[in-house]
Structures are given as structure tokens and as C-alpha cells.
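# Chain and residue survey
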Amino acid sequence: MTKTVSIEKPDRLPRHLAIIMDGNGRWAKRRFMPRIMGHRQGAKAVKEIVTACRELGIPYLTLYAFSKENWSRPREEVDALMDLLYDYLQREVDELLGNRIRLRAIGELYRLPERVRNLLFETLERTSKNYEMQLVLALSYGSRSEIADAARRIAEKCAKGVLSPPEVDEETFASFLYTSDIPDPDLIIRTSGEQRLSNFLLFQAAYSEFYITETLWPDFDRKELLKALQDYSMRERRFGRTSDQIFLRCTGSES
Ligand code: FPP
């Protein structure tokens with residue numbers, strides 16, 4: 001008997017969902033198309049997933065749209081990805097405003113081409129008062145450099161005597177990351193079957209649940225999202241505790 005997957009809205013949703021959108025190139029290759037066609041289709045999937053998350057009521061959605069390492073892709077592909085990002089910002093701003101979605105961006109944004117950077121900053125500003133959902137685009141993002149950068153700024157503050165080394169705990173450290181006012185991701189989805197983090201939110205993912213699907217990003221639709229969320233809602237998140245402790249906590253009988 002084939003197992004049916006319920007695709008109703010799950011009872012327990014992540015507060016912060018992060019997605020490593022992978023497989024655009026393979027999607028295009030399978031259709032004998034240039035890679036950029038896969039990215040274009042990927043941008044359509046972005047729109048569908050943002051809308052679905054907004055409707056479901058997921059407060060934070062982070063999308064890994066362009067890694068620091070992606071700068072070393074062929075020039076035409078990088079240019080095409082920047083054009084897609086520009087088009088997305090231009091096309092979606094009204095949708096973001098209408099749905100009260102605040103756009104955020106994390107990464108080495110100064111490396112983006114000027115016209116993309118200007119439009120991005122303008123969109124960040126225009127949507128900054130929105131509160132229903134936060135859409136975080138990771139652009140020119142690399143987690144190791146985010147961490148190294150935080151460490152350097154902490155060291156500078158210590159050297160100036162503004163911060164003392166014993167004050168540097170996990171919480172202080174996290175406040176120096178790009179994500180200082182964003183909760184850690186509860187669930188990280190990676191499409192196209194690869195099983196790695198690829199320099200994405202390494203510090204923030206300490207207790208994230210992972211969901212890996214063979215589906216390529218351009219084919220990842222609302223139904224696939226609900227399947228992932230359903231899977232997540234069945235998981236027991238223990239944060240290092242035992243199952244019994246979690247049960248007692250849920251029933252309110254923990255001492
Ligand atoms: C990884 O697939 C995907 C990317 C490097 C880019 C992601 C970009 C988009 C989904 C579209 C633009 C984004 C926005 C926000 C408008 P890959 O090219 O590495 O695929 P492959 O592993 O199959 O080659």
C-alpha cells in the first residue's frame with residue numbers, strides 16, 4: 001500500500017524556516033536548457049514559497065539565494081543571477097508591501113553590483129515597517145566569514161576596553177552576527193538531495209532540524225513545502241534533553 005502524505009496545514013510550524021535552494025542547474029540540464037533557465041524557474045518557485053509561507057503564518061523565512069562562493073561561477077551566470085535578483089525586487093515590491101512582508105538581507109552586500117545594491121537597500125527601507133513576516137535573503141553570504149567578522153569586531157571592542165573577554169558568551173557572540181535580531185532557524189530544508197550545509201548559518205543551525213528532499217528547487221512547490229512541514233511537525237526537538245523531560249515539560253509536570 002502506498003503511504004499517503006497529509007498536506008493539510010501542520011499543527012506545529014517552524015517560527016523560522018531556512019531553505020538552501022539547490023538544483024536549478026540540474027533542472028535545466030535535464031531539459032537540455034542553459035543553466036539560467038533553471039535559475040529563472042527557481043525564481044518562480046521563490047514567489048510560490050514566499051506566498052505559501054505568508055499564508056501559513058511562518059514569521060521568518062530565509063532563502064540562500066547567492067553564496068560568497070557563487071562569485072566564482074562563470075561571469076555570465078553571475079550576471080544572470082544578479083539580473084534575476086534585480087527583476088525579482090522590482091516585480092515583487094508591491095506584493096511584499098501588500099502582504100506586509102519585511103525584506104531583510106544578510107551577507108557581504110557591498111559586493112553586489114551597484115544597481116542591485118541600490119534597489120535592494122531601497123526595498124529594505126520601503127518594507128522596513130512591515131511586521132507580518134520577515135523574508136531574509138542570504139546574498140553574497142558565507143557563514144565562516146560572518147563568524148570571523150564577528151570575532152574580529154569583538155576583539156576590537158575588547159582591545160578598546162568597551163567589552164571584556166568574560167562578557168563574550170554565546171548570546172554576546174550571536175549579537176555580532178548578521179542575524180542578531182532573527183531567531184535561529186527551526187527547520188532547514190535543502191532541495192536536490194545534497195546533504196551538506198554549504199557555509200550556511202553554521203552558528204545559528206546548532207539545533208535546527210534538517211529536511212532534505214530529492215526534489216530540485218524549481219520543482220519545489222507548495223505541496224512539497226507542506227510535506228516538509230508535516231515531517232517537521234512530527235519531530236521531537238529535545239535540545240539535549242531526554243524524551244521524558246520533554247514530555248513532562250509539555251504536560252506542565254516538570255519540577
Ligand atoms: C543553486 O542551484 C542555486 C543558486 C546558486 C541560485 C539560487 C537562485 C534562485 C533560486 C533564483 C533567484 C533568487 C531570487 C531570490 C529571485 P545550482 O545552480 O547550484 O544547481 P545545480 O547544483 O543543479 O547546478
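Up top is the structure.
Residues numbered from 1 in each chain as written. Predicted model: local features only at pLDDT ≥ 70, side-chain atom pairs only at ≥ 80, totals over all residues. Heavy atoms only, no water.

In this structure the tally under the stated criterion is seven aromatic pairs. For the ring pair Tyr-64 and Tyr-141, a centre distance of 5.9 Å and an interplane angle of 80 degrees mean the geometry is edge-to-face. Of this pair, Tyr-64 sits in strand β2 (residues 60-67) while Tyr-141 sits in strand β4 (residues 133-141), and the two are 77 residues apart along the sequence. Through successive ring pairs, a cluster of aromatic residues spans Tyr-64, Tyr-141, Tyr-178 and Phe-200. Lying across the ring of Tyr-232, Arg-12 places its NZ or CZ 5.1 Å from the centre. Sitting above the plane of the Trp-27 ring, Arg-31 keeps its charged end 4.0 Å from the centroid. (Phe/Tyr/Trp six-rings, centres within 6.5 Å; stacked < 30°, edge-to-face > 60°. Helix = DSSP H or I, 4+ residues; strand = E, 2+ residues; numbered from the N terminus. Lys NZ or Arg CZ within 6 Å of the ring centre and 35° of its normal.)

Let us look at the site of the ligand. Inspection of the region around the ligand gives 16 residues, with Asp-22, Gly-25, Arg-26, Arg-35 and Arg-73 positioned closest. In the model, an oxygen atom of the ligand is placed 3.1 Å from a nitrogen or oxygen of the Asp-22 side chain. A distance of 3.3 Å is found between an oxygen atom of the ligand and a backbone nitrogen or oxygen belonging to Gly-23. Relative to its free-state accessible area of 620 Å², the ligand is covered by the protein chains to the extent of 92%. Elements with a minimum of two residues in the shell around the ligand: α1 (24-30), α2 (35-56) and α3 (75-98). Across the shell around the ligand, the residue classes break down as six nonpolar, six polar and four charged. (Near = heavy atom within 4 Å. Polar contact = N/O pair within 3.5 Å; in protein donor to acceptor, adjacent residues only side chain to side chain. Areas by Shrake-Rupley, 256 points an atom, 1.4 Å probe, with all protein chains shown as cover. Nonpolar A, V, L, I, M, F, W, Y, C, P; charged D, E, K, R; others polar.)

A separate point is a negative patch on the surface. Taken together, the side chains of Glu-167, Asp-169, Glu-170 and Glu-171 define an acidic patch exposed on the protein surface. The topology assignment puts Glu-170 in helix α6 (residues 170-174). By relative accessible area, Glu-170 is classed as exposed at 67%. (Patch = residues over 30% accessible without salt bridge, like charges linked within 9 Å, V, L, I, M, F, W, Y side chains within 5 Å. Salt bridge = Lys/Arg side-chain N within 4 Å of Asp/Glu carboxyl O. Lys, Arg positive; Asp, Glu negative; His and termini not counted. Charge placed at Lys NZ, Arg CZ, Asp CG, Glu CD. Buried < 20%, exposed > 50% of the residue type's maximum accessible area, 1.4 Å probe, protein only.)

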